[in-house]
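Letter by letter, the chains look like this.
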Amino acid sequence: MRSRQRMFAAVMRLLLKCLRLGRRRRFKLVRQVEQLWHYGHLCLQSLLYNSFTNGDVVLDSLFEPVYWLVDHVTRWFGVVFVALVIGLTSSIVAIVYICLLPLILQTYTPAWICWHLAYGHWNLIMIVFHYYMAITTSPGHPPQAKNDLTGVSICRKCIAPKPARTHHCSICNRCVLKMDHHCPWLNNCVGHYNHRYFFSFCLFMTMGCIYCSISGWEMFRDAYAAIERMKLLEKERLQVAANQTYYQTPPPTFSFRQRAFHKSVVYLWVLCSSVALALGALTLWHAALITRGETSIERHINRKERQRLQKKGKVSTACSTGAGWGRARCDAPLPVPQVFRNPYSYGSWDNWKVFLGVDVPRHWLTRVLLPSPHLPHGTGLSWDLPPCVTEQRAPLLAI
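Conventions adopted
Residues numbered from 1 in each chain as written. Predicted model: local features only at pLDDT ≥ 70, side-chain atom pairs only at ≥ 80, totals over all residues. Heavy atoms only, no water. UniProt positions renumbered as here; feature names shortened; annotations may be inferred. Helix = DSSP H or I, 4+ residues; strand = E, 2+ residues; numbered from the N terminus. 1 Å grid on protein atoms, 1.4 Å probe; cavity = no way out; pocket = protein on both sides within 12 Å on 5 of 7 lines; lining within 4 Å. Points joined across faces, edges and corners; volume = space filled by probe spheres on them. Nonpolar A, V, L, I, M, F, W, Y, C, P; charged D, E, K, R; others polar. Buried < 20%, exposed > 50% of the residue type's maximum accessible area, 1.4 Å probe, protein only. Polar contact = N/O pair within 3.5 Å; in protein donor to acceptor, adjacent residues only side chain to side chain. Contact = heavy atoms within 4.5 Å. Salt bridge = Lys/Arg side-chain N within 4 Å of Asp/Glu carboxyl O. Phe/Tyr/Trp six-rings, centres within 6.5 Å; stacked < 30°, edge-to-face > 60°. Expected span 1.5 Å × (residues − 1). Patch = residues over 30% accessible without salt bridge, like charges linked within 9 Å, V, L, I, M, F, W, Y side chains within 5 Å. Areas by Shrake-Rupley, 256 points an atom, 1.4 Å probe, with all protein chains shown as cover.

The name given to the chain in an unreviewed UniProt entry is Palmitoyltransferase, with the source organism recorded as Pardalotus punctatus. Database annotation for the chain, UniProt heading Subcellular location (unreviewed entry): "Membrane". According to UniProt, the comment filed for the chain under the heading Catalytic activity (unreviewed entry) is "L-cysteinyl-[protein] + hexadecanoyl-CoA = S-hexadecanoyl-L-cysteinyl-[protein] + CoA".

Here the UniProt-annotated "transmembrane region" (unreviewed entry) positions come out as residues 76-100, 112-133, 197-220 and 265-288. Secondary structure content for residues 76-100 is 100% helix and 0% strand, and the end C-alpha separation is 35 Å. In residues 265-288, the share of helix is 100% and the share of strand is 0%. The end C-alpha atoms are 34 Å apart.

It is worth spelling out the layout of surface pockets at this point. Roughly 960 Å³ of volume is contained in the largest pocket. Taken together, 42 residues make up the lining of the largest pocket; nearest its centre are Thr89, Ile92, Ile127, Met205 and Cys209. When residues of the lining of the largest pocket are traced back to their parent elements, those giving at least two are helix 2 (55-107), helix 3 (110-136), strand 5 (181-183), helix 4 (195-215) and helix 6 (256-292). Take the lining of the largest pocket: its biggest share by element is 11 residues, from helix 2. Looking at the lining of the largest pocket, its residues break down into 33 nonpolar, nine polar and no charged.

By secondary structure assignment, the location of histidine 130 is in helix 3. Residue histidine 130 is classed as buried on the basis of its relative accessible area of 2%. Looking at histidine 130, its side chain comes within polar contact range of the main-chain oxygen of methionine 126, at 2.8 Å. Those residues in contact with histidine 130 that lie beyond four places of it in its chain are Arg196, Tyr197, Ser200, Phe201 and Phe204.

Attention now moves to the pattern of salt bridges. Inspection of every chain in the model, using the stated rule, returns four salt bridges. Its salt-bridge partner being glutamate 305, residue arginine 308 comes within 2.2 Å of it at the nearest N-O pair. Separated by three residues within a single helix, arginine 308 and glutamate 305 lie in helix 7 (residues 296-311), roughly one turn from each other. By relative accessible area, arginine 308 is classed as partly exposed at 36%. By relative accessible area, which is 16% here, glutamate 305 ends up buried.

Attention shifts here to the packing of aromatic side chains. As enumerated under the stated definition, the model contains 17 aromatic pairs in all. On the numbers, 5.8 Å between centres and 50° between planes, the contact of tyrosine 119 with tryptophan 122 is tilted. With tyrosine 119 and tryptophan 122 both in helix 3 and three residues apart, the pair spans about one turn of that helix. For tyrosine 119, a relative accessible area of 15% puts it in the buried group.

Moving on: helix 7. Its 16 residues place the ends of helix 7 23 Å apart at the C-alpha level, agreeing with the 22 Å of an ideal helix rising 1.5 Å per residue. Two residues or fewer past helix 7, glycine 313 is found with a positive phi of approximately 80°.

It is worth spelling out a nonpolar patch on the surface at this point. A contiguous nonpolar surface patch, about 370 Å² in accessible area, is contributed by Leu59, Leu62, Phe63 and Val66. One can find leucine 59 in helix 2. The exposure class assigned to leucine 59 is partly exposed, which follows from its relative accessible area of 44%.

Along its 27 residues, helix 3 runs 39 Å from first to last C-alpha, staying within 8% of the 39 Å computed at 1.5 Å per residue. When we look at burial in helix 3, the residues that qualify are Ile113, His116, Tyr119, Asn123, Met126, Ile127, Phe129, His130, Tyr131, Met133 and Ala134.

With that settled, the discussion passes to the environment of alanine 134. Here alanine 134 shows up in helix 3. Along the chain, alanine 134 and phenylalanine 201 lie 67 residues apart, while their C-alpha atoms are 8.0 Å from each other. Apart from the residues within four sequence positions on either side, alanine 134 is in contact with Leu186, Asn188, Asn194, Tyr197 and Phe198.

If you want it as structure tokens, here you go:
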């Protein structure tokens with residue numbers, strides 16, 4: 001009896017010790033969790049605390065992963081877009097040579113045949129040359145080594161002097177001389193050394209698409225009507241096959257070659273017309289920028305600066321302009337505020353001569369109408385007066 005009581009008492013003492021030990025461990029675990037929570041909260045406060053923090057800073061921090069994703073994905077998109085341009089252009093050229101050229105040689109007069117052969121091949125050569133040069137030519141970058149270059153500012157990402165008209169490309173992760181934009185269709189930046197190639201490619205590609213759309217309009221109408229007849233006859237053939245009797249014969253079907261020919265003509269006309277509209281609008285936009293002596297980035301900067309100076313009353317609202325060196329005329333009472341001028345604009349005509357590199361009249365043929373790998377004026381580091389500029393007037397107020 002006593003032995004049973006002793007055993008029961010020993011078991012109860014052991015059970016109480018286990019309960020006390022488990023309670024201690026549980027309390028210890030709770031204390032550790034509380035300590036980790038307070039430590040994490042303190043770390044988060046130390047990381048987020050900033051006396052200059054506001055809503056814009058928080059919003060930029062939230063969108064930073066999105067910016068990183070866009071920058072890195074765009075690099076891969078560039079390769080896909082270049083392959084897409086080459087593939088679509090090659091398909092149009094193949095359709096012209098396989099389907100349209102034999103028809104032209106059979107139906108057109110010798111004069112029209114010579115015109116189409118001469119203009120078509122010239123346009124194709126200009127497109128291929130300028131696209132290849134725009135892809136392979138570096139836009140130009142500021143030197144990384146120490147030199148006597150006078151920088152307008154310091155690039156916050158490169159931590160290096162940034163010359164005038166130079167901007168940092170987040171996709172290329174480098175500063176680009178006279179940067180216009182990063183073009184995914186080229187997988188390259190458009191800058192000082194390849195800006196002319198980019199614009200010439202857009203111009204000649206637009207001209208080629210317009211040429212194909214106008215020349216193939218009648219063929220497109222005939223091919224579209226033939227495809228509609230194909231669909232109608234196919235529908236009738238299926239109905240006859242479903243209700244066929246000994247006295248009925250199915251309508252004739254078009255051959256594979258005929259179907260491929262008509263669909264290729266429709267594909268060519270639709271693609272060329274779409275590209276002509278979209279790329280033509282882009283070409284006109286860049287032509288307007290070149291006329292004003294600006295790039296896409298400089299237009300935005302000049303517009304912001306013009307608005308800022310207008311609010312301060314330093315620039316006339318009615319007379320402000322972004323291009324040209326001619327004197328502004330207005331009826332505002334004296335004293336007239338100064339007129340905003342773009343210091344890199346030499347007048348509409350001279351801007352085009354500087355952009356295309358036309359120094360003498362024969363350059364319009366050798367450098368504009370024919371493929372030419374000549375370099376642009378200047379090095380992109382300093383902007384001295386080009387020799388082709390006829391006259392320069394000092395700006396009243398420049399930025």
